[in-house]
Amino acid sequence: MNFSKLLIVLTALIFLIYGILFALFPISLLDLVVNGAVTSASGVIDMRATYGGMSFAVGSILLVLANSAETIKVGLISVFLLMFCMATGRFIGICVDQNANAIMYVYLILEVIVTVLSMLLLNVQSKLEGRSND
């Protein structure tokens, strides 16, 4: 397995696990991740759908993209966009809202690392494609 595919698969697995856990245990996970609580049944339902269902869907899409050599580049672009946008939103939140817990900083660091890795791998992928077109 090449590094590009590995990064896409690992990212997919994180989203799949996160999705499953939030779909099954939204209240416990919310408390663990943000030290918060939901005060309505609709809030719990939305967490199951958004953090659970959407995260699982993102992971599934990434696995599909990692499954074919023809879609690896799209997979890397997807990982880059996901991680860049998540890191940007988290950074804005940390600056504006302040008082972030340690998990928010860990997530931010991981998101930045994966953003940079996916960008580097996209650059390598583009160079390889350029050589094969010569």
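Look a little higher up for the structure.
Residues numbered from 1 in each chain as written. Predicted model: local features only at pLDDT ≥ 70, side-chain atom pairs only at ≥ 80, totals over all residues. Heavy atoms only, no water.

Trainee: Give a detailed account of the overall build of the chain, specifying residues and quantitative values.
Mentor: Counting its secondary structure elements, the chain contains 5 helices and 0 strands. For the chain, the α and β elements follow one another from N to C terminus as α-α-α-α-α. Principal axes of the C-alpha set define a box for the chain whose edges measure 60 × 30 × 20 Å. Looking at the chain as a whole, 31% of its 134 residues qualify as buried. Across the chain, the fraction of contacts at a sequence separation of at least 24, relative to all contacts at a separation of at least 6, is 71%. Looking at the chain as shown, the accessible area adds up to about 8,400 Å², and 71% of this sits on carbon and sulfur atoms. Side chains of the chain give 6 positive and 7 negative charges; the mean places of these two sets differ by 8 Å. (Helix = DSSP H or I, 4+ residues; strand = E, 2+ residues; numbered from the N terminus. Buried < 20%, exposed > 50% of the residue type's maximum accessible area, 1.4 Å probe, protein only. Contact = heavy atoms within 4.5 Å. Areas by Shrake-Rupley, 256 points an atom, 1.4 Å probe, with all protein chains shown as cover. Lys, Arg positive; Asp, Glu negative; His and termini not counted. Charge placed at Lys NZ, Arg CZ, Asp CG, Glu CD.)

Trainee: So, the environment of leucine 13: which residues are in play, and what are the values?
Mentor: Mapped onto the elements of the fold, leucine 13 is located in helix 1 (residues 3–24). Between the C-alpha atoms of leucine 13 and leucine 63, which are 50 residues apart in sequence, the distance is 8.2 Å.

Trainee: Requested: an account of the environment of isoleucine 45, with residues and values cited.
Mentor: Checked against the element boundaries, isoleucine 45 lands in helix 3 (residues 41–66). Considered as a pair, isoleucine 45 and isoleucine 103 are 58 residues apart in the sequence and their alpha carbons are 23 Å apart.

Trainee: Please give an account of unusual backbone geometry that cites residues and values.
Mentor: Phi at asparagine 35 is positive, roughly 55°, even though this residue is not glycine. Residue placement: asparagine 35 occurs in the loop between helix 2 (26–34) and helix 3. Accessibility expressed as a relative area gives 57% for asparagine 35, which makes it exposed. Even without being a glycine, glutamine 98 presents a positive backbone phi close to 55°.

Trainee: Quick rundown of the nonpolar core? Include the residues and the values.
Mentor: Within the largest apolar cluster, 15 residues are counted, with the highest numbers of intra-cluster contacts made by Leu7, Ile8, Leu62, Leu76 and Val79. Residue assignment for this core shows that the elements contributing at least two residues are helix 1, helix 3, helix 4 (72–97) and helix 5 (102–133). Per-element tally for this core: the top contributor is helix 1, with 5 residues. Dropping the residues within four chain positions of it, leucine 7 is found in contact with Leu76, Val79, Val114, Leu117, Ser118 and Leu121. In this structure, Phe22, Leu29, Met47 and Leu108 belong to the second largest nonpolar core, which totals 9 residues. (Core = buried A, V, L, I, M, F, W, Y, C linked by side-chain atoms within 4.5 Å.)

Trainee: Any details on the packing of helix 1 against helix 2? Residues and values, ideally.
Mentor: Where helix 1 contacts helix 2, the axes come no closer than 5 Å and their chain directions differ by 120°. Looking at the two axes, helix 1 sits oblique to helix 2. Judged by residue contacts, Tyr18, Leu21, Phe22, Ala23 and Leu24 of helix 1 engage Pro26, Leu29, Leu30 and Val33 from helix 2. Looking at the contact of helix 1 with helix 2 residue by residue, the classes come out as 9 nonpolar, no polar and no charged. (Axes fitted to C-alpha atoms, helices over the stretch in contact; angles between N-to-C directions. Parallel < 35°, antiparallel > 145°, perpendicular 65-115°, else oblique. Nonpolar A, V, L, I, M, F, W, Y, C, P; charged D, E, K, R; others polar.)

Trainee: Can you break down a nonpolar patch on the surface residue by residue, with the values?
Mentor: On the surface, a nonpolar cluster with roughly 930 Å² of combined accessible area is contributed by Phe3, Leu6, Leu10, Leu13, Ile17, Ile20, Leu21, Leu24, Phe25 and Phe56. Considering every element that reaches the nonpolar patch, the biggest residue donor is helix 1, with 8 residues. Summarising the element assignment, phenylalanine 25 is placed in the loop between helix 1 and helix 2. (Patch = residues over 30% accessible without salt bridge, like charges linked within 9 Å, V, L, I, M, F, W, Y side chains within 5 Å. Salt bridge = Lys/Arg side-chain N within 4 Å of Asp/Glu carboxyl O.)

Trainee: Before we move on, can you summarise the packing of aromatic side chains with the specific residues and values?
Mentor: Between two aromatic rings, the relevant description is the distance of the centres plus the angle of the planes. Counting across every chain of the model gives 4 aromatic pairs. Ring geometry for phenylalanine 22 versus tyrosine 51: centroids 4.9 Å apart, planes at 25°, classification stacked. Linking phenylalanine 22 in helix 1 with tyrosine 51 in helix 3, this pair joins segments that are 29 residues apart in sequence. Among the residues examined, phenylalanine 22 registers a relative accessible area of 1% and is labelled buried. (Phe/Tyr/Trp six-rings, centres within 6.5 Å; stacked < 30°, edge-to-face > 60°.)

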